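# Structural features, examined
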Amino acid sequence: MNFRVILARLGGLFDRDRRDSELQAELESHVQMHIDDYVRSGLAPEEARRRALHKLGGVEKVTEAYREQRGLPFLETLAQDVRFAFRGMRKNLGFTSIALLTLALGIGANTALFSVVNGVLLNPLPYPESGRLTMVYSSTKTFEHSSVSYPNFLDWQRQNNSFSTMAAFRDHNWNLTGQSEAERLHGYMVSSSFFPTLGVAPLLGRNISADEDRVGGAPVLMIGYGLWQRKFGGSPDVLGRRMILNGEAYTIVGVVPANFRLYSSDNVQIYVPIGQWNDSTFRNRRVGMGTRVVARLKPGVTLDQARADMDSVARSLATLYPESNAGSGVSISTLKNDMVEDIGPTLLVLLAAVGFVLLIACTNVANLLLARSTGRSREFAVRSAMGASQSRLVRQLLTESTLLGLIGGGVGLLLAAEGTKPLLAAVPHALPRAAEIGVDGRVLLFTLGMSVAAGMLFGLVNALKVWRTNLQETLKEGGRGSSGTRQRAQNVFVVVEMAVALVLLVGSGLMIRSLVILLGVNPGFDTHNVLKFNVTMPPNLGTDPAHIRAALRQLHDAVRNTPGVQAASLEGDTLPMDGDSELPFWLDGQPKPATDSEMNWGLFYLAEPDYRKALGIPLLRGRFFTDADTERSVPVVVIDEFLANKFFPNGDALGKRLNLGLFETQPEIVGIVGHVKHWGLDTDSKSKIQAQLYVPVAQVPDQFMPLVRQGMGMVLRSDVEPMSLLPAIRHSVSQLSKEQVVYGSSTLEQVVSDSLADRRFAMVLLGAFAGLALLLSSIGIYGVISYLVGQRVQEIGTRMALGAQRRDVLQLVLGRGMALAAIGVVVGAVLAFALTRQMRSMIYGVSAADPITFLAVSLLLMLVAVAACYVPARRAMRVDPMMALRYE
Amino acid sequence: MGEKEVRQGTLALMVLKTLESMGTLHGYGIARRIEQTSGDLLSVNYGTLYPALLKLEQEGYIASEWGVSENNRRAKYYRLTRAGKRQVERETRDWQETTAILARFLASEESR
């Protein structure tokens, strides 16, 4: 049958009445012409009519043959099946709604999670030819992905042969003044190649030019869509307007499109040429300053070719600048991988988990269908006796179940479409690319596939049974059906459900245990009642170190004297789990290592005397800083126990000196404090840099003071709920200068909690799936045991009539349920043992085969199974022996 | 099954050939013409004629429209389309080949 015929036949399915009457008319005219001919040849009209009709044969037969040629018999039976299935669903509303709800939940959860996987892992990034975009990092033996110093970036840009364009960008904060209230603006410093590399054209105006991307270039900037709307009302004459950033006037030359986003850069509001920044530290080849590099591969160049090319660039730079570059290589990954590789394994585990939920849902529906089909076996027997082939019956069953799957999937799709956004909003920071998650063609296709597959899956189990059943036997049996096959199938279902539910419970149990253990981990500081925030410095402060020091002291005093503050300290925006800064050092009496990569590296913190008190870090030996440690006194440093133990194993650290690279100072070690879990509760002990050293804010060398001016952090311990102090602190700071802005405030409890966001995300979802699995499987076992009780009413009645006690009956029923549940638990435990190994990266502090978790969830599952069986068991106990016997 | 198909196949070609020589014609006319041409050896079964006409129309070889007969009867008229003309040639060639081959077979059987 060619396409044209199929089309014609499809058309034939519609408008049947008109087509039928047209055929009638045609046949009628045929007969009439035939009669006319007979009459013309001399026959009497009556005789002519008789002969004509005789010759024509049965009109009905012709019509039937014609109809068959007209439409597609396959489609017509399908339509018939669908109509029949709908009628069946309406007749059995209870069954239909339970089955649909189960499927909708199962498919909905799958759709929601798949839309997340699709948006985060599968979809290309929203830039043209985004597959060619890569992130290029410096890599050293301590950091695989470390930021790139600006001089290195410029050399990379010039010397590489693999990238069509390469761009640098880094986070930065500016103080916006001159327009209403002073405001802190977060933005990117970008090279002029930034937007061209990403392939993003400005919505309005132009890009930053190469001429503007250098020291002394015209001060220009581009602004984000949000700022454009907020500050300029979206007016097109924003181009050429000025903004005062850190006391300097910048001219707006372009507006960036609304949907532009790189990493979680939602709060990036301005884009300022990076090349204009003339800070000596920024221009130091040894310092990365958080500068990242994004580059677009030339067409046809592979990642490996680019890696080889950049390796040779790095080698030549290492020869030229051994102190900073020796031992430092280049690490390249695609932009997409760089954004999502951390979350990938978690999402795949979750997708598998939600697939299990659907499996349970399908099993439940299959069970329901099975129960119904036993009731319908008489119907099937009659239909087959009337000539329906078995394949025809199976086809009808599959049609019915597929229809169920499709409707359930439709409802599930609605649930997912409406429910995903609020769910994601409930776990912020947990996912990259969260804004790109939504329902698209691929998600629709996935849901459709899921629905049909689910329908086929549970329908097939059922259809197989009909296929095997001897329908003649059924008729003889009086339509009760062969309950043996049915019970076996049901038992298998219950075992499968219990097993799968156990796997999910173990998974989420392990996640919960991990989180509980993590929350119990001592971070090395006391998070209770600690507030952190950032403050911008007044734009007219200038660069004189003495002025900056005085301004910092004023700021400290203003905050310290705010009522409710117990202890306050400036800090260098490098609190534990919230930013980091490293400093190279070597021990006194040892030769200075020739290159940075041979140095020892430590996390370094700027601190004031009350820092230790504010964070509640224990002092182990010596002293912390005092007000006597000033820029004029002997330089001092406090180290943590890790550094002390590693470099002074004899316990003689106090009084020794450290040589600090970059700072070029030799401070004396005056105290040892406890180690702080800087890199997070879970990963700190695995990180390569654990040594920590504290330097007094007052003793920061003069040449770094301009950097300090860019903005400091503060941390304070309060008597009261810390966030409630914020208005008072804002007031105190504004007394100093109207142009200083307090921003980035958070409690340390929140900071620690955020550091566990992705774990919590995985735990909440796994927990939800496990809960759903528990609910569905308990419904499943309830259904089976209820059915069992219903089937055995007579037997139970007989037993009771013969003297069995209610307790015996309870035992009989519960025992059956327990036996099934127990087999399920054993099978599930084996399965879980094999599968939870895949979760190793997600759990902490417990083994993937943690016996406590396994035991606890097995017990929980058994308890739920008992509860589910208890309801039908009670019904069995109340069986009246007389009634049961009479019924027979 | 096979027997029926052969008959339908022949009928289709007869219909097409009839329309080729007669131009536009209604179903009754086609039936009569086929019977006459066959020397009344064939009697066209209407139960197969109309489905066959529908099939040919679906395949695009013929087209139909309602008209009025010479005796003022409303009737559905069929005519050959361009694809139908090509089909007649193709089918004719096929049949001639088939009959030629068959004839040779039968001849060789006789001469043995």
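Up top is the structure these notes are about.
What this report covers is the structure whose coordinates are included nearby. (Residues numbered from 1 in each chain as written. Chains lettered and ligands numbered in written order. Predicted model: local features only at pLDDT ≥ 70, side-chain atom pairs only at ≥ 80, totals over all residues.)

Let's shift gears to helix α10 (residues 303-320) of chain A. Residue and element names in this part refer to chain A. The terminal C-alpha atoms of α10 lie 26 Å apart, and with 18 residues this matches the ideal 26 Å at 1.5 Å per residue to within 8%. Buried residues of α10: Ala306, Met310, Ala314 and Leu317, and no others. One side of α10 holds all its buried residues, which, seen down the axis, span an arc of 70°. Residues Asp304, Ala308 and Thr319 are exposed on α10 and point more than 90 degrees away from its buried face. (Helix = DSSP H or I, 4+ residues; strand = E, 2+ residues; numbered from the N terminus. Expected span 1.5 Å × (residues − 1). Buried ≥ 20, exposed ≤ 12 C-beta atoms within 10 Å, placed from the backbone. Arc of directions from axis to C-beta.)

A few words now on the sheet that holds strand β3 (residues 74-80) of chain B. Residue and element names in this part refer to chain B. Spatial strand order, β1-β3-β2: three strands in an open sheet with antiparallel pairing. The open sheet has two edge strands with one neighbour each: β1 (25-26) and β2 (62-68). By the bridge criterion, two bridges tie β1 to β3 in an arrangement that is antiparallel. Bridged to His26 within β3 is Tyr77. (Pairing = 2+ DSSP bridges.)

The subject of this paragraph is the environment of Ser138 of chain A. Residue and element names in this part refer to chain A. Tracing the backbone through its elements, the reader meets Ser138 in strand β1 (residues 133-139). Judged by the 23 C-beta atoms lying within 10 Å of it, Ser138 is buried. In sequence terms Ser138 and Ile332 are 194 residues apart; their C-alpha atoms lie 8.8 Å from each other.

Take the nonpolar core next. Residues and elements named next belong to chain A. Ranked by internal contacts, the top residues of the largest apolar core, which has 100 residues, are Val357, Leu502, Phe769 and Ala773. Shared between two domains, this core holds at least three residues of each, these being domain 2 (74-125 + 343-481) and domain 4 (499-514 + 754-888). Judged by nonpolar contacts, the second largest core, of 65 residues, contains Val638, Met712, Val715 and Val752. (Core = buried A, V, L, I, M, F, W, Y, C linked by C-beta atoms within 7 Å. Domains from an automatic or database assignment.)

Chain B puts 17 residues into the contact, and the matching count from chain A is 19 residues. Every element with two or more residues in the side of chain B that touches chain A is listed here: α2 (27-37), α3 (46-58) and β3 of chain B. Of the residues contributing to the side of chain B that touches chain A, the split by class is six nonpolar, six polar and five charged. (Contact = placed C-beta atoms within 7 Å. Nonpolar A, V, L, I, M, F, W, Y, C, P; charged D, E, K, R; others polar.)

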